[in-house]
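# Report on the structure
Each chain is listed here by its residues.
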Amino acid sequence: MFDKLKSLFTKGEADPISEEEDDLSLLDNPNFVTDPTKIINLLSEIEVSSPLCSIKIDGFTEDYSSSILGIKPEKNLIILDELVPKEGNAKLQTVKSLKLSTFHKGIHLSFGLSAIEIGSSRGIIYYKASLPRKIFYPQRRRSPRIEISSIDIAFSGVSERTGLSVNGYLFDLSRGGAGIDVPMNRARIQRGDKIKNCQMIFDDYAMDFNFSVRFVKQAAVGSSKVQIGGLFENISNKSQAKLSYFITSLERVEIRKQKA
């Protein structure tokens with residue numbers, strides 16, 4: 001479903017935004033991308049990689065998640081997925097402005113959007129707004145990029161909709177969700193599906209959870225392999241603490257590698 005919706009808009013766990021990033025008036029600041037062509041190229045790269053983005057709605061303290069569905073340079077538009085948790089959608093539809101942040105190539109970036117309009121396709125909400133005039137994107141690493149794919153963390157679960165098993169390996173991991181490489185989508189997983197009775201093992205600890213699917217895309221043209229991204233649900237406090245500690249330990253390893 002994600003791919004079908006996304007095709008309508010295409011031509012072919014981030015940190016809170018700081019006061020430094022909020023100063024969007026410094027157009028000559030090297031930490032900002034202001035050239036329209038570079039902005040389009042940067043957002044197009046993010047759209048292709050489909051990372052989960054952190055959303056802050058003006059006037060509210062809660063964090064929400066979304067992703068970039070498409071970029072339409074000819075119409076000066078950016079298209080965003082609906083927000084998760086769903087309570088954020090009502091707030092955004094009232095305020096109509098937000099700040100989006102995510103990581104691209106290991107670098108934190110953020111930008112604001114205003115005058116946001118709501119749309120719907122096949123019952124799925126999406127948002128559209130004018131492309132940002134500037135993006136905070138310092139050309140240095142603020143957070144190390146963790147190559148989870150080299151660790152071989154296995155994922156298993158059962159599709160709530162089809163009852164078929166889903167098995168694969170993580171390629172991306174955050175404290176709130178993960179990306180999973182699946183050799184073949186036999187369970188016919190779609191955006192919006194829930195995978196239940198999930199488990200992954202790290203540091204000799206078995207973490208049980210449910211998984212809310214936010215995107216599904218083909219790994220490569222002609223390949224049966226798909227990538228599934230989503231959010232963890234029903235995680236125990238113990239598992240959340242274990243996961244946070246595990247991610248912190250990976251970040252420390254990467255920091256030591258960069259300093260070596």
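On a predicted model such as this, the values are computed, not experimentally measured, just so you know.

We now examine the overall build of the chain. Helices and strands together make up the secondary structure of the chain, namely five helices and 16 strands. When the accessible surface of the chain is split by element, carbon and sulfur atoms take 49% of a total near 13,400 Å².

Any two side chains of opposite charge can pair, on the condition that their charged atoms come close. Applying the stated criterion across every chain, the model contains 10 salt bridges. Across the pair Asp63 and Lys56 runs a salt bridge, and its minimum N-O distance is 2.7 Å. Lys56 sits in the partly exposed class, given a relative accessible area of 22%. Between Lys128 and Glu117 there is a salt bridge, with the nearest N and O atoms lying 4.0 Å from each other. Of this pair, Lys128 sits in strand E9 (residues 124–130) while Glu117 sits in strand E8 (residues 117–121), and the two are 11 residues apart along the sequence. Relative accessible area serves as the criterion here: at 28%, Lys128 is assigned to the partly exposed category. Among the charged side chains, a network of salt bridges with common partners joins Asp81, Glu82, Arg191 and Arg214.

Grouped burial of nonpolar side chains is what soluble globular proteins tend to show. Core analysis: the largest hydrophobic core is formed by 28 residues, its most contacted members being Phe155, Leu170, Leu173, Met200, Phe211, Ile228 and Phe232. Listed by contribution, the elements that provide at least two residues to this core are strand E12 (165–173), strand E13 (177–182), strand E14 (194–202), strand E15 (205–218), strand E16 (226–233) and helix H5 (237–259). In terms of residues, this core owes the most to one element, E15, which gives six residues. By size, the runner-up hydrophobic cluster in this structure holds 27 residues, among which are Ile39, Tyr64, Ile68 and Leu83.

In this structure, Asp81 sits in strand E5 (residues 77–81). With a relative accessible area of 2%, Asp81 lands in the buried category. Leave out the neighbours within four places in its chain, and Asp81 touches Ser66, Ser67, Leu69, Ile125, Tyr127, Arg191 and Arg214.

Analysis parameters
- Residues numbered from 1 in each chain as written.
- Predicted model: local features only at pLDDT ≥ 70, side-chain atom pairs only at ≥ 80, totals over all residues.
- Heavy atoms only, no water.
- Helix = DSSP H or I, 4+ residues; strand = E, 2+ residues; numbered from the N terminus.
- Areas by Shrake-Rupley, 256 points an atom, 1.4 Å probe, with all protein chains shown as cover.
- Salt bridge = Lys/Arg side-chain N within 4 Å of Asp/Glu carboxyl O.
- Buried < 20%, exposed > 50% of the residue type's maximum accessible area, 1.4 Å probe, protein only.
- Core = buried A, V, L, I, M, F, W, Y, C linked by side-chain atoms within 4.5 Å.
- Contact = heavy atoms within 4.5 Å.

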